[in-house]
Amino acid sequence: MTVTFKPLGSTFAAEVSPLDLRQVRDRDTLMQLRAGMDQYAVLVFRNQPFTNDEQLDFAQRFDGQLHAKTSVAVLAKNRFGNEALTDISNVNAQGDIMAANDRLRASTISNRLWHTDASFENPAGRYSMLSARVLPPVRADTEFADMRAAYDALDADTQQSLEGLHVYHSIVYSRHVLGFEFGEEERARLKGAVHPLVRTLPATGRRSLYLASHAQHIEEMPVPEGRLLLRDLIEHATQPHFTYRHEWQPHDLVIWDNRTTMHRARPFEDKKYRRELCRTTTLDVPYEIAG
Ligand code: OGA
Ligand code: MN
């Protein structure tokens, strides 16, 4: 099957021609979709009525091993009974809209900061696949930033100065910034991870900034200078001309590459309306499509 891509943003993001991902199993089509990910970094698929099991199956066919320690999985077991399915919703285990003071809500709301999934783990997340199950009657968008275009736009001296730098990422840090505190046992479990600040994508050779709200300091720099540099780079990379804002439709599936993009949730009246999405994220480890 020939897949076509319709660009959505100015530098990245595309909508994929109609297809049913539940039926896509052949190597050729999967490879075309992976080439699309390499080019566009964010792909939008309309009309994908996944069940949880179908979403798990597709995620593994497309990109291998699943991540089970992203986002709220670090706090509590989810209502799906499988930590490879991340509950991106404002609903509690009983199926009710979370109260304003619910601890999980305070954590989920941190998705409103620019981030990449599981950068505080090693391996981090590679592809995240977010499926829209229940949408509110108001806009509740997800915004993406192209970290390759942001890197390319830096001047040569700045690019040179970033060579060889490493960043410590911690979810304890990113939640703390918003006033959320972890207990002692949680902190002991959430040790954080170190990743290069600039990465080269194996498939394209393109370079990309790797940043997130979880980015706490630069290993090779004094703390204040490192933190200021991280803030400056995030500010640079999230200027409107590097971003695409996704307006959700029922049964959308959006896949993004966490190595080359950041994303954030936009606020909506989350104590009034339900919003339920389900995410699968793959581990950033080598993978070959079968066949
Ligand atoms: C995620 C995430 C943003 C949103 O699923 O990882 O950050 O808009 N989602 O729900
Ligand atoms: Mn996220």
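Whatever comes next refers back to the structure up there.
Everything numeric here is computed off the predicted structure, so don't read it as measured data.

1. Focus: the coordination of the manganese ion (ligand 2)
Stage number 1. Protein-derived coordination of the manganese ion (ligand 2) comes from His115 (NE2), Asp117 (OD) and His263 (NE2), at a distance range of 2.1 to 2.2 Å.
Stage number 2. As a motif over one chain, the donors of the manganese ion (ligand 2) read H-x1-D-x145-H. Note that histidine 115 is positioned in the loop between helix H3 (103–108) and strand E5 (125–134) and histidine 263 in strand E14 (residues 261–265), a separation of 148 residues in sequence.
Stage number 3. Given the relative accessible area of 5%, histidine 263 is considered buried.

2. Some details on unusual backbone geometry
Stage number 1. Cis peptide bonds are those with omega within 30 degrees of zero, and the linkage from asparagine 122 to proline 123 qualifies with 0°.
Stage number 2. Relative to the assigned elements, proline 123 resides in the loop between H3 and E5.
Stage number 3. For asparagine 47, which is not glycine, the phi dihedral falls at a positive 55°.
Stage number 4. By the secondary structure assignment, asparagine 47 is in the loop between strand E3 (42–45) and helix H2 (52–63).
Stage number 5. The residue histidine 251 is not glycine, and still its phi comes out positive at about 70°.
Stage number 6. Positionally, histidine 251 belongs in the loop between strand E12 (243–246) and strand E13 (253–257).

3. Observations regarding the sheet that holds strand E11 (residues 215–218)
Stage number 1. Judged by pairing direction, the sheet is antiparallel, and its three strands sit side by side in the order E8-E7-E11 without closing on themselves. Looking at strand neighbours, the two that pair on one side only are strand E8 (193–196) and E11, the edges of this open sheet. Adjacent strand axes in the sheet meet at a mean angle of 35° when their direction is disregarded.
Stage number 2. Pairing of strand E7 (residues 166–169) with E8, which is carried by four bridges, proceeds in the antiparallel orientation. By the bridge assignment for E8, tyrosine 168 is matched with valine 194.
Stage number 3. Along the sheet, helix H8 (residues 223–237) contacts E7 and E11; its crossing angle with E11, the most-contacted strand, is approximately 125°.

4. Let's talk about the packing of aromatic side chains
Stage number 1. Scanning all chains against the criterion turns up seven aromatic pairs.
Stage number 2. Seen from their ring centres, phenylalanine 144 and tyrosine 244 are 6.5 Å apart, and the 15° between their planes marks the pair as stacked. Note that phenylalanine 144 is positioned in strand E6 (residues 142–146) and tyrosine 244 in strand E12, a separation of 100 residues in sequence. One exposure class covers both phenylalanine 144 and tyrosine 244, and it is buried.
Stage number 3. Residue phenylalanine 144 is classed as buried on the basis of its relative accessible area of 0%.
Stage number 4. An aromatic cluster of at least three residues, connected via ring pairs, comprises Phe50, Phe58, Phe62 and Tyr127.
Stage number 5. The ring of phenylalanine 62 is capped by arginine 34, whose NZ or CZ atom sits 6.0 Å from the centre of that ring.
Stage number 6. One Lys or Arg, arginine 199, reaches over the ring of tyrosine 210 and ends 4.8 Å from the middle of that ring.

Calculation criteria
Residues numbered from 1 in each chain as written. Chains lettered and ligands numbered in written order. Predicted model: local features only at pLDDT ≥ 70, side-chain atom pairs only at ≥ 80, totals over all residues. Heavy atoms only, no water. Donors = N, O, S within 2.8 Å, 3.2 Å for Na, K, Ca; no water. Helix = DSSP H or I, 4+ residues; strand = E, 2+ residues; numbered from the N terminus. Buried < 20%, exposed > 50% of the residue type's maximum accessible area, 1.4 Å probe, protein only. Pairing = 2+ DSSP bridges. Axes fitted to C-alpha atoms, helices over the stretch in contact; angles between N-to-C directions. Contact = heavy atoms within 4.5 Å. Phe/Tyr/Trp six-rings, centres within 6.5 Å; stacked < 30°, edge-to-face > 60°. Lys NZ or Arg CZ within 6 Å of the ring centre and 35° of its normal.

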